[in-house]
Amino acid sequence: MSASLHDFSPALDNAPARPRAGQVVALLGPAEARGASLRSFAGLKADEGAIPTAEIGLLCARPRFFPWLDLRENLAFVLPRATPFEREGLVANVLVRLGLAGQAKQRPAELSPEGLLRLAIARLLLVRPRLLLIDEPFTALDAEARAGLAAFLPELCTQARPAVVIATGSVEEALRLADRIHILPRQTGPVAFSLDNLLARPRQEGSVGFVSLRRELRRALEKESRPATPAVEAAA
C-alpha cells in the first residue's frame, strides 16, 4: 500500500509527504481530526483496527486479533516466513518481554484491555512494519499501566527504522517522540502549524529546549482552538 500524508483527510491538505524511514511525525489538534486523519491514511474507517503487515502497523485502543487463536498462535501468524523453530523462539521471547508468558494459551477475549495492548505491542515488535501508526492507545488505562506500556513506544519508533505517525493529545508525548509536529486545523484546511523538533534524545521534560518548544506548541494550539472572528463588513 502506497500512501502519503496527503491521503490523511482534507484536514491535511498541503501537508508534507509521507514520513521517511526513521522519521516520527506527531499530529496534535482536535481529537476527531487526529483519529480520522490517521485511519484515513491507513485506509481504515473510524474506530477500526487492523492486523499489521510488513507495510503498515496500527497501535490503537481497540486492536484486532483472531478470536479463535490463542495468544501464541496470534503472534505466530505474523511470522509466516520463519521456520517453526525460529517462530517458537521469537514468540516465546516477546511474550516474556510483555508479561504475557503465563497467558500464552489464552484467547484474546480472556485478556483485559491492558493485556490486549500488551499483545498488540508484542505483535508489532515481531512484524516490524515499514509504516507505524499510533493512535492514542493508552488513554483508557490508569496512570501506572499507561506509563508501563508507553515505555515501549520509543523502541517501536526506532526498531527497524519505520516511518511513524502518532496521533496524540499530549504535547509532552509529541515532543518526546516526534521529529516533526503538525497541529491540525479546527476545520478542513491546511495544517495550522508545523514544528521541527531538533532536541537530542533522550529528551528531558525539564530541559530549557523542551520547555521552550512546549510553550510554543501550546501557544499554537490555543490560537487554533479560538473561534474564528467573523469578518466585519466595511460600511457602505
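Residues numbered from 1 in each chain as written. Predicted model: local features only at pLDDT ≥ 70, side-chain atom pairs only at ≥ 80, totals over all residues. Heavy atoms only, no water.

1. Some thoughts on the overall build of the protein
Regarding its fold elements, the protein presents 8 helices and 6 strands. When its helices and strands are written in sequence order, the protein yields β-α-β-α-α-α-β-α-α-β-α-β-β-α. Counting across all 236 residues of the protein, residues that qualify as buried make up 47%. Carbon and sulfur atoms make up 53% of the accessible area of the protein, which amounts to about 12,500 Å² in all. (Helix = DSSP H or I, 4+ residues; strand = E, 2+ residues; numbered from the N terminus. Buried < 20%, exposed > 50% of the residue type's maximum accessible area, 1.4 Å probe, protein only. Areas by Shrake-Rupley, 256 points an atom, 1.4 Å probe, with all protein chains shown as cover.)

2. Points about the nonpolar core
Leu59, Ile121 and Ile181 are the most contacted members of the largest nonpolar core, which totals 50 residues. Per-element tally for this core: the top contributor is helix 4 (residues 113-127), with 9 residues. Those residues within four positions of Ile181 in sequence are excluded, and the remaining contacts are Ala26, Leu28, Ala174, Leu175, Phe193, Ser194, Leu195 and Leu217. Of all hydrophobic cores here, the second largest spans 13 residues; its members include Val25, Leu27, Leu131 and Ala163. (Core = buried A, V, L, I, M, F, W, Y, C linked by side-chain atoms within 4.5 Å. Contact = heavy atoms within 4.5 Å.)

3. Brief notes about the environment of Gly148
With respect to the helices, strands and loops of the structure, Gly148 is situated in helix 5 (residues 143-150). Through-space distance from the C-alpha of Gly148 to that of Leu98 is 10.0 Å; in sequence the pair is 50 residues apart.

4. Notes on the packing of aromatic side chains
Summed over the entire model, instances satisfying the criterion amount to 2 aromatic pairs. Pairing Phe66 with Phe77 gives two aromatic rings, centres 4.6 Å apart and planes at 70°, and the pair type is edge-to-face. Remark: Phe77 occurs in the loop between helix 2 (71-76) and helix 3 (84-97) and Phe66 occurs in the loop between strand 2 (56-60) and helix 2; sequence separation between them is 11 residues. On the basis of relative accessible area, Phe77 is assigned to the partly exposed category, the value being 47%. (Phe/Tyr/Trp six-rings, centres within 6.5 Å; stacked < 30°, edge-to-face > 60°.)

5. Notes on unusual backbone geometry
With an omega of -5°, the peptide bond between Arg201 and Pro202 qualifies as cis. Secondary-structure assignment places Pro202 in the loop between strand 6 (193-196) and helix 8 (208-225). With a phi close to 50°, Arg128 is a non-glycine residue in the positive phi region. Along the chain, Arg128 turns up in the loop between helix 4 and strand 3 (131-135). The class of Arg128 is partly exposed, set by a relative accessible area of 47%. Unlike most non-glycine residues, Ala160 shows phi in positive territory, near 60°. Mapped onto the secondary structure, Ala160 falls in the loop between helix 6 (153-158) and strand 4 (163-167).

6. Some points on the pattern of salt bridges
This model, assessed by the stated rule, comprises 11 salt bridges. Here Arg72 makes a salt bridge to Asp70, at a shortest N to O gap of 3.7 Å. On the basis of relative accessibility, which here comes to 8%, the residue Asp70 falls in the buried class. A salt bridge links Glu172 to Arg214; the nearest nitrogen and oxygen atoms lie 3.9 Å apart. Residue Glu172 is found in helix 7 (residues 171-177), and its partner Arg214 is found in helix 8; the two are separated by 42 residues along the sequence. (Salt bridge = Lys/Arg side-chain N within 4 Å of Asp/Glu carboxyl O.)

7. Here's the deal with the environment of Ala61
As for its position among the elements, Ala61 is in the loop between strand 2 and helix 2. Expressed as a C-alpha distance, the spacing of Ala61 and Phe138, which sit 77 residues apart in the sequence, is 6.3 Å.

8. Description of helix 3
Between its terminal C-alpha atoms helix 3 stretches 20 Å, which fits the 20 Å expected from 14 residues at 1.5 Å a residue. All buried positions along helix 3 are accounted for by Val91, Val94 and Leu95. The arc that holds every buried residue of helix 3, seen down its axis, measures 105°, which confines them to one face. Within helix 3, the exposed residues directed more than 90 degrees away from the buried face are Phe85 and Val96. Once helix 3 finishes, Gly99 follows within two positions and takes phi at roughly 70°, a positive value. (Expected span 1.5 Å × (residues − 1). Arc of directions from axis to C-beta.)

9. With respect to the side chain of Arg203
You can see Arg203 is positioned in the loop between strand 6 and helix 8. One polar contact links the side chain of Arg203 to the main-chain carbonyl oxygen of Ala178, over a distance of 2.8 Å. At 3.0 Å, the side chain of Arg203 forms a polar contact with the backbone oxygen of Leu199. (Polar contact = N/O pair within 3.5 Å; in protein donor to acceptor, adjacent residues only side chain to side chain.)

10. Points about the environment of Leu177
As for its position among the elements, Leu177 is in helix 7. Along the primary structure Leu177 and Arg201 are separated by 24 residues, whereas in three dimensions their C-alpha atoms are 8.8 Å apart. If we ignore the near neighbours within four places in the chain, the residues touching Leu177 are Val24, Leu153, Pro154, Ile166, Arg201 and Arg203.

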